[in-house]
Amino acid sequence: MWEKLVPHACFGRRKVDNSSKPQLHKILNPITSLILAMWELLLLILSHLFSKSYGLMKTSPFFPNILDTSSYCLSWRLAVETNNAGPWRTVPMQCVLHVENYMLGGQYFRDLETVMEMIRVYVDGVEVGGDEMDAWVLDVDDTCLSNLFYYQGKQFGGMPFDPTGFKSWAGKGMCNVIPPTLDLFNELIKRGYKVFLLTGRDDATFRDITTANLQNQGFVGYERLIMRTLEYKGLSARIYKSAIRKQLVEQGYRIRGNIGDQWSDLTGDYLADRNFKLPNPMYFVP
């Protein structure tokens with residue numbers, strides 16, 4: 001059996017006899033193996049418990065998984081804005097806080113500004129004719145005038161649409177301006193475009209109050225405010241607004257652009273040369 005020299009704490013170097021190690025291993029090996037086995041069993045149990053808890057957190061409303069919810073709500077909002085979500089009635093309950101943060105936290109207004117910048121790039125590339133027949137069509141609700149204050153009381157779209165409640169709100173004429181839209185509106189008029197404001201609001205009920213609300217918020221100089229008459233009662237927004245665009249085209253107008261917060265503002269027949277969708281994850285209008 002060979003020997004080696006190892007440092008000693010007080011006396012320099014000493015000889016160590018390794019002949020006793022095999023006997024020590026015989027004692028320690030079973031204990032070490034038992035400890036390792038128990039440790040592996042504990043890890044397995046903890047892993048199993050965590051897996052079950054994680055599954056509960058994902059499926060139970062009492063244990064929402066924050067990361068999964070945030071990721072889902074981002075994807076849901078993308079589906080809404082790209083018109084992939086199809087008809088939907090309310091904001092999913094787990095996404096109400098997400099929509100609130102989006103609308104009030106600054107991202108909504110940054111997105112609005114980005115759309116307006118893209119519209120200006122397009123406008124800069126279009127030459128306005130001298131016959132005063134180049135036109136733009138703008139939606140009113142949540143395009144020119146904001147209903148955000150009203151929808152704060154409706155969980156930002158988490159509650160089903162309330163026709164009576166919205167009529168009461170619209171009848172007060174208290175909608176605030178959406179500043180980026182007003183800036184663009186004034187720029188379009190300055191460039192010589194005829195701007196038509198097209199809304200699904202009922203003509204007989206809301207014409208006076210809507211006209212006053214628009215004027216109070218700075219919308220002055222548009223060509224015409226077009227509202228829903230009895231002829232179009234009961235039609236979807238898509239069909240109604242397509243019919244109005246058809247009339248404008250037949251009158252000789254060239255619709256250079258169309259802006260709205262709903263896809264029903266922008267799709268259908270007699271489309272504009274370019275259509276621009278403003279963000280709105282609070283409600284869907286067919």
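One structure accompanies this document, and this report is about it. Keep in mind that this is a model prediction, so the values were computed, not measured.

Calculation notes
Residues numbered from 1 in each chain as written. Predicted model: local features only at pLDDT ≥ 70, side-chain atom pairs only at ≥ 80, totals over all residues. Heavy atoms only, no water. Pairing = 2+ DSSP bridges. Helix = DSSP H or I, 4+ residues; strand = E, 2+ residues; numbered from the N terminus. Axes fitted to C-alpha atoms, helices over the stretch in contact; angles between N-to-C directions. Contact = heavy atoms within 4.5 Å. Core = buried A, V, L, I, M, F, W, Y, C linked by side-chain atoms within 4.5 Å. Buried < 20%, exposed > 50% of the residue type's maximum accessible area, 1.4 Å probe, protein only. Disulfide = S-S within 2.5 Å. Parallel < 35°, antiparallel > 145°, perpendicular 65-115°, else oblique. Nonpolar A, V, L, I, M, F, W, Y, C, P; charged D, E, K, R; others polar.

Here we look at the sheet that holds strand β7 (residues 224–228)
Next up, step 1: Reading across the sheet, the 5 strands line up as β7-β6-β3-β8-β9 and stay open at both edges, with parallel pairing between neighbours. Edge strands, defined here as strands with exactly one partner in the open sheet, are β7 and β9 (274–277). Each strand axis lies, on average, 20° off the axis of its neighbour in the sheet, ignoring direction.
Next up, step 2: Inspection of the sheet shows strand β6 (residues 194–202) paired to β7 by 4 bridges, in the parallel sense. Pairing of Phe 196 across the sheet is with Arg 224, part of β7.
Next up, step 3: Sheet contacts for helix α4 (residues 107–124): β3 (134–139), β8 (254–260) and β9; angle to β9, the most-contacted strand, approximately 170°.

As for the nonpolar core
Next up, step 1: In this structure, Ile 119, Trp 136 and Leu 138 are the most contacted members of the largest nonpolar core, which totals 48 residues.
Next up, step 2: Of the residues forming this core, the biggest block, 7 residues, is contributed by α4.
Next up, step 3: Judged by nonpolar contacts, the second largest core, of 13 residues, contains Ala 135, Tyr 240, Leu 248 and Tyr 253.

Some thoughts on the state of the cysteines
Next up, step 1: Applying the stated criterion across every chain, the model contains 1 disulfide.
Next up, step 2: A sulfur-sulfur separation of 2.1 Å characterises the disulfide bridge that pairs Cys 73 with Cys 95. Here Cys 73 and Cys 95 share a disulfide; its torsion about the S-S bond, -95°, makes the bridge left-handed. Linking Cys 73 in helix α2 (residues 66–81) with Cys 95 in the loop between α2 and α3 (96–104), this pair joins segments that are 22 residues apart in sequence. Each member of the pair, Cys 73 as well as Cys 95, is classed as buried.

Thoughts on the packing of α4 against helix α7 (residues 179–191)
Next up, step 1: Running from N to C, α4 and α7 cross one another at 10°; their axes reach a closest spacing of 10 Å. In this view, α4 runs roughly parallel relative to α7, as classed from their interaxial angle. Taking contact as the criterion, the partners of Leu 112, Glu 113, Met 116, Ile 119, Arg 120, Val 123 and Asp 124 in α4 are, on α7, Pro 180, Thr 181, Asp 183, Leu 184, Glu 187, Leu 188 and Arg 191.
Next up, step 2: Grouping the constituent residues of the contact of α4 with α7 by class yields 7 nonpolar, 1 polar and 6 charged.

In short, the description is geometric, and any link to function would need to be established separately.
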